[in-house]
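So you can see what is in the structure, the chains are spelled out below.
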Amino acid sequence: MSTSKILIRGAKVLGGDVQDVLIEGERIAEVGTGLSADGAQVIEADGQILLPGLVDLHTHLREPGREDSETVLTGTRAAAKGGFTAVHAMANTFPVADTAGVVEQVWRLGKESGYCDVQPVGAVTVGLEGKQLAELGAMHDSAAGVVVFSDDGKCVDDAVIMRRALEYVKAFDGVIAQHAQEPRLTEGAQMNEGIVSAELGLGGWPAVAEESIISRDVLLAAHVGSRVHICHLSTAGSVEIVRWAKSKGWNVTAEVTPHHLLLTDELVRSYNPVYKVNPPLRTEKDVMALREALADGTIDCVATDHAPHPHEDKDCEWGAAAMGMVGLETALSVVQQTMVETGMLDWAAVADRMSFRPAEIGRLGGHGRPVAAGEPANIVLVDPAYRGNVDPTGFASRSRNTPYEGRELPGRVTHTFLRGHATVSGGELA
Amino acid sequence: MKRHLISTSDLSRDDAILILDTAEEMARVADRPIKKLPTLRGRTVVNLFFEDSTRTRISFEAAAKRLSADVINFSAKGSSVSKGESLKDTALTLQAMGADAVVVRHHASGAPHRLAGSGWLDGSVINAGDGTHEHPTQALLDAFTMRRHLAGAADGGPTMHQGPGDGTGRDLAGRKITIVGDVLHSRVARSNVHLLHTLGAEVTLVAPPTLLPIGVESWPCEVSYDLDAVIPKSDAVMMLRVQRERMNAAFFPTEREYARRYGLDGDRMARMQEHALVMHPGPMNRGMEISAEVADSHRSTIVEQVANGVSIRMAVMYLLLGGNEPAVAAANPTRTEETPK
Ligand SMILES: [Zn+2]
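The structure displayed is predicted, hence computed values, not measured ones. (Residues numbered from 1 in each chain as written. Chains lettered and ligands numbered in written order. Predicted model: local features only at pLDDT ≥ 70, side-chain atom pairs only at ≥ 80, totals over all residues. Heavy atoms only, no water.)

Asks: If you had to explain the overall build of chain A to someone new, which residues and values would you point to?
Replies: Of regular secondary structure, chain A possesses 11 helices and 19 strands. For chain A, whose C-alpha radius of gyration is 21 Å, the value lies close to the compact-globule estimate of 22 Å for 430 residues. In terms of overall dimensions, chain A has C-alpha extents of about 65 × 45 × 45 Å along its principal axes. Expressed as a percentage of the 430 residues in chain A, the buried residues total 61%. (Helix = DSSP H or I, 4+ residues; strand = E, 2+ residues; numbered from the N terminus. Rg over C-alpha atoms; globule rule 2.2 N^0.38 Å. Buried < 20%, exposed > 50% of the residue type's maximum accessible area, 1.4 Å probe, protein only.)

Asks: Go over the pattern of salt bridges with me, naming the residues and quoting the values.
Replies: Per the counting criterion, the structure on display carries 41 salt bridges over all chains. The shortest N-O distance in the salt bridge between Glu210 of chain A and Arg282 of chain A comes to 3.6 Å. With Glu210 of chain A in helix H6 (residues 207-224) and Arg282 of chain A in the loop between helix H8 (258-262) and helix H9 (284-296), this pair connects stretches of sequence that are 72 residues apart. Since its relative accessible area comes to 4%, Glu210 of chain A is described here as buried. The exposure class of Arg282 of chain A is buried, given its relative accessible area of 2%. The closest approach of N and O atoms between Glu202 of chain B and Lys176 of chain B, which form a salt bridge, is 3.2 Å. (Salt bridge = Lys/Arg side-chain N within 4 Å of Asp/Glu carboxyl O.)

Asks: So what's going on with the UniProt feature "binding site: carbamoyl phosphate" (unreviewed entry) in chain B? Residues and values would help.
Replies: Residue and element names in this part refer to chain B. In the numbering used here, UniProt assigns the feature "binding site: carbamoyl phosphate" (unreviewed entry) to Arg55, Thr56, Arg105, His135, Gln138, Gly282 and Pro283. Note that Arg55 resides in helix H2 (residues 54-66). Within the secondary structure, Arg105 sits in strand S3 (residues 101-106). Among residues more than four places away in sequence, those in contact with Arg105 are Leu48, Phe49, Phe50, Glu51, Asp52, Ser53, Thr56, Ala128, Gly129, His135 and Arg187. (UniProt positions renumbered as here; feature names shortened; annotations may be inferred. Contact = heavy atoms within 4.5 Å.)

Asks: So what's going on with helix H2 (residues 100-113) of chain A? Which residues, and what values?
Replies: All names here are of chain A. For H2, which comprises 14 residues, the first-to-last C-alpha distance of 20 Å matches the rise-based estimate of 20 Å (1.5 Å per residue) to within 8%. Buried within H2 we find Val102, Val103, Val106, Gly110 and Ser113. In an axial view of H2, the angular spread of the buried residues amounts to 100 degrees, which keeps them on one side of the axis. In H2, the exposed positions that point more than 90 degrees away from the buried face belong to Lys111 and Glu112. (Expected span 1.5 Å × (residues − 1). Arc of directions from axis to C-beta.)

Asks: Give me the lowdown on the domain arrangement of chain B, citing residues and values where you can.
Replies: All names here are of chain B. Splitting chain B by domain gives domain 1 (8-134 + 306-336) and domain 2 (136-304). Computed over C-alpha atoms, the centres of domain 1 and domain 2 are 25 Å apart. Opposite the 34 residues of domain 1 that make contact, domain 2 presents 34 residues. Across the domain 1 to domain 2 interface the summed buried area is about 2700 Å²; carbon plus sulfur atoms make up 57%. Area buried by domain 1 at its contact with domain 2 is led by Thr8, Glu24 and Asn308, which between them contribute 24% of it. (Domains from an automatic or database assignment. Buried area = accessible area lost by both parts, 1.4 Å probe.)

Asks: How would you sum up the nonpolar core? Please name residues and give values.
Replies: By size, the foremost hydrophobic cluster in this structure holds 87 residues, and its most contacted members are Leu140, Ile179, Leu196, Leu205, Ile312 and Met317 of chain B. Considering each element in turn, this core owes the most residues, 11 residues, to helix H11 (residues 302-321) of chain B. The residue makeup of this core includes at least three contributed by each of domain 1 (8-134 + 306-336) and domain 2 (136-304) of chain B. Excluding residues within four positions of it along the chain, Met317 of chain B makes contact with Leu40, Val45, Phe60, Ala63, Ala64, Leu67, Ile126 and Gly322 of chain B. Cys155, Ile176, Ala221 and Ala331 of chain A belong to the second largest nonpolar core, which has 78 residues in total. (Core = buried A, V, L, I, M, F, W, Y, C linked by side-chain atoms within 4.5 Å.)

Asks: Please give an account of the pairing of strand S1 (residues 44-49) of chain B that cites residues and values.
Replies: All names here are of chain B. Across the six residues that make up S1, a large majority, six, are buried. Across the two faces of S1 the burial is the same, with Thr44, Val46 and Leu48 and Val45, Asn47 and Phe49 all buried. Note that S1 and strand S2 (residues 70-75) share six bridges and pair parallel. Bridging across to S2, Asn47 finds its partner in Asn73. You can see the chain leave S1, run along H2 and come back into S2, and the turn it takes is right-handed. Summarising the sheet, S1 and S3 pair through five bridges and their orientation is parallel. (Pairing = 2+ DSSP bridges. Right-handed = clockwise from strand over helix to strand, strands pointing away.)

Asks: I'd like a rundown of the sheet that holds strand S4 (residues 124-130) of chain B, residues and numbers included.
Replies: Residue and element names in this part refer to chain B. Taken in spatial order, the four strands line up as S2-S1-S3-S4 in an open sheet, and their pairing is parallel. Here the strands that pair on one side only, and so sit at the sheet edges, are S2 and S4. With direction set aside, neighbouring strand axes in the sheet form an average angle of 15 degrees. Running over the sheet, helix H3 (residues 87-96) touches S1, S2 and S3 and is turned about 160 degrees from S1. (Axes fitted to C-alpha atoms, helices over the stretch in contact; angles between N-to-C directions.)

Asks: Kindly report on the coordination of the zinc ion, identifying the contributing residues and their values.
Replies: Residues and elements named next belong to chain A. Only Asp152 (OD), His179 (ND1) and His232 (NE2) from the protein coordinate the zinc ion, and they sit 1.9 to 2.2 Å from it. Sequence positions of the residues that donate to the zinc ion give the spacing D-x26-H-x52-H. Of this pair, His179 sits in the loop between strand S10 (175-178) and strand S11 (191-192) while His232 sits in the loop between strand S13 (228-230) and helix H7 (236-247), and the two are 53 residues apart along the sequence. By relative accessible area, which is 2% here, His232 ends up buried. (Donors = N, O, S within 2.8 Å, 3.2 Å for Na, K, Ca; no water.)

Asks: Help me get a handle on the packing of helix H5 (residues 136-150) of chain B against helix H6 (residues 187-198) of chain B, residues and values and all.
Replies: Between two packed helices, both the angle of their axes relative to each other and the distance between the axes serve to describe the pair. Residues and elements named next belong to chain B. With their axes 8 Å apart at the nearest point, H5 and H6 run at an angle of 55 degrees to one another. It follows that H5 is oblique to H6 by the angle criterion. Judged by the sense of rotation from one axis to the other, the crossing of H5 with H6 is right-handed. Contacts between H5 and H6 involve Pro136, Gln138, Ala139, Leu140, Asp142, Ala143 and Met146 from the former and Val188, Ser191, Asn192, Leu195 and Leu196 from the latter. In terms of residue class, the contact of H5 with H6 is built from eight nonpolar, three polar and one charged. (Parallel < 35°, antiparallel > 145°, perpendicular 65-115°, else oblique. Left-handed = near helix turned anticlockwise from the far one by under 90°. Nonpolar A, V, L, I, M, F, W, Y, C, P; charged D, E, K, R; others polar.)

Asks: Break down the state of the cysteines for me, with residues and values.
Replies: Residue and element names in this part refer to chain A. Scanning the model with the defined rule gives zero disulfides over all chains in all. No disulfide involves Cys116; its sulfur sits 15 Å from that of Cys301, the nearest cysteine. Classification of Cys116 as buried rests on a relative accessible area of 1%. (Disulfide = S-S within 2.5 Å.)

Asks: Describe helix H1 (residues 13-30) of chain B, naming the residues involved and giving the relevant values.
Replies: In a regular helix each residue adds 1.5 Å, so 18 residues correspond to 26 Å; H1 of chain B covers 26 Å between its end C-alpha atoms and thus fits that length. Buried residues dominate H1 of chain B, accounting for 13 of its 18 residues.

Asks: Talk me through the interface of chain B and chain A; I want residue IDs and the actual numbers.
Replies: Think of interface size as the accessible area that goes away when the parts come together; that is how it is often given. At the interface, 19 residues of chain B touch 20 residues of chain A. Going through the elements one at a time, H3 and helix H4 (111-117) of chain B are the ones with two or more residues in the side of chain B that touches chain A. When residues in the side of chain B that touches chain A are grouped by element, the largest group, three residues, is from H4 of chain B. Its residues placed into classes, the side of chain B that touches chain A shows eight nonpolar, eight polar and three charged.

Asks: Account for the UniProt feature "binding site: Zn(2+) 1" (unreviewed entry) in chain A, with residues named and values stated.
Replies: Residues and elements named next belong to chain A. Residues annotated in UniProt with the feature "binding site: Zn(2+) 1" (unreviewed entry) correspond here to His58, His60, Asp152 and Asp305. For the residues just named, distributed over 248 residues, the greatest C-alpha separation is only 9.8 Å, placing them together at one site. As for its position among the elements, Asp152 is in the loop between strand S9 (148-149) and helix H4 (159-168). Those residues in contact with Asp152, other than ones at most four positions away along the chain, are His58, His60, Met90, Asn92, Leu128, His179, Cys231, His232 and Asp305. A distance of 2.9 Å separates a polar atom in the side chain of Asp152 from a polar atom in the side chain of His58. Relative to the assigned elements, Asp305 resides in the loop between strand S15 (301-302) and helix H10 (331-340). Its relative accessible area of 5% is what places Asp305 among the buried residues. (Polar contact = N/O pair within 3.5 Å; in protein donor to acceptor, adjacent residues only side chain to side chain.)

In structure tokens form, the structure reads like this:
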């Protein structure tokens, strides 16, 4: 059997030196200068940035149950367009991914899609009810090999359940990814509690509802010697708590979404539900603290919290609208704008925050690897000079609930390779 | 004037005074034997009420009818709306019916804003109260009532309870207005703070800290927790309705404690300035935020506020729908005939 050869010529590898990368079959065969194009399909990549395939710790692919908003197939196509080669799929599906059967189903759908690896996240508790532990071990032992567990969408608010879950998954190096939202403090909450909510008369979502849970959970993780991952950190106070926990040497990791790096609650003044999201958009001060934290490593990685919703769930009054935004196809552009073009991260650090670190947290062996000979050819090419307005009609995702419609964002994924196979070529799905 | 009335923060001082002056004209019409004006003949006003409020709906209905508009009442209760029809589909229905103005009351903050900005319908949207956001016509009628009493005398001063005067052309510069009660959940308070500030008044909010929103410090007003300290300085004290059920969510311990600390009773009223007013947007919880003695006193403008509501709503509909010609012309039947439309 002859293996296909692809030569990517002249890209800046991790934003550094201009090099050629030769892919043979599923692996990177060679990295260097002046590599032979003999027998290879050549991709001229002058001016482009070559990164390891991006890894997302947090998406909602909605299958099974809400195929009207997204399926594993459409979600992975969106992921590929965004430069991702692996995504974690959250457990809040219908039925909930709280058994080996459901996580294996999602895992298999991902394999069949062929666009992006799908790593299912298992629910922490049965039915996301927060009362009884789901069969965490069975999900880990299944074909899906679940490592990350989360009740995302809901907070594991019972301190004892959280403690037990943290302890239990130590047996197989699992991690609990917490959606930090104290439920009583957020009853009826519609947006960040502050100046804007006071004027708009929308129920306030206080920062302390997030920070109090994170405080408790980093202490719990320290107490039982487990690792905890904080989903979608959104406040300056949360950053301070995670920074403190890390300074103690505790095993705490955290993610931030692209939208929390760019958008603020001022946008809610439009009452346009496209800005309704959980956790809510916060203030400028929070945005700046999150960028600083991502730059200094307090926040480990960027995760999209890609949350597709059908049009009718956003085409209504604020109070009736669903929470969430799609994010896979715009994530890298938002990171380029907020972190690279502000000088806070170079491309090598982007590779760290969007590939190496999330793969490490999720223990994904074949992803987040260096761009070097012998490694799996999970690669993305980015044209950083591109400028364009976001047009949701061109999305691969089944849903269009983007907060960036019409907004100019920099950068464009031109090619994505999943184990040597092009999933995106020339900016379009291959 | 703008096409919609969603928030009092959208009104400039000139806009606000134009509405109040127009309402004076409308009030004069109400004193005539024939109360009806032909101004909005052939126009359709829809009262779209997702939340029960007979008082407000009747007020808008009376206002529209006095302007000769066709009025359609579209109440959510028992209709397709309560069976899950979306705001959008309801709006599209009203659009198909050719509504020139939609008066909307909704439990969700921002729903009128959404109706006005979504492209679902072409007519003017008048916010008749949205969630805990705003109730602009209530604030306008409150300001109208204040102006008639506090700036209604010939010299621009207070009328000293000798009945309402005419404050046409005037604002409320320097008047000290105190708003007391559940500011957190009050759309009336939000609309009043913006409007009274625009008209030059100095507003003080008084409430237990639990019933003030986080972020209130950015509002153009003062905040106090001490009603007794503020009462003697006030030109008007507006009491907001406080739902007894709030105590179940720990906003305050008991009704009695609330009434003691933040209620307006005879003793407190006795410490008000001679000319000062007692106001309430209704419906009142007598014995809770206001005692019966105060509600029925000579300082109380509560009944008058209801009547002024019709004049204000006429003015708003006239200005939003009737064009830019002076209200005086439209409000004078003999001259109306000569004014080309
Ligand atoms: Zn979440």
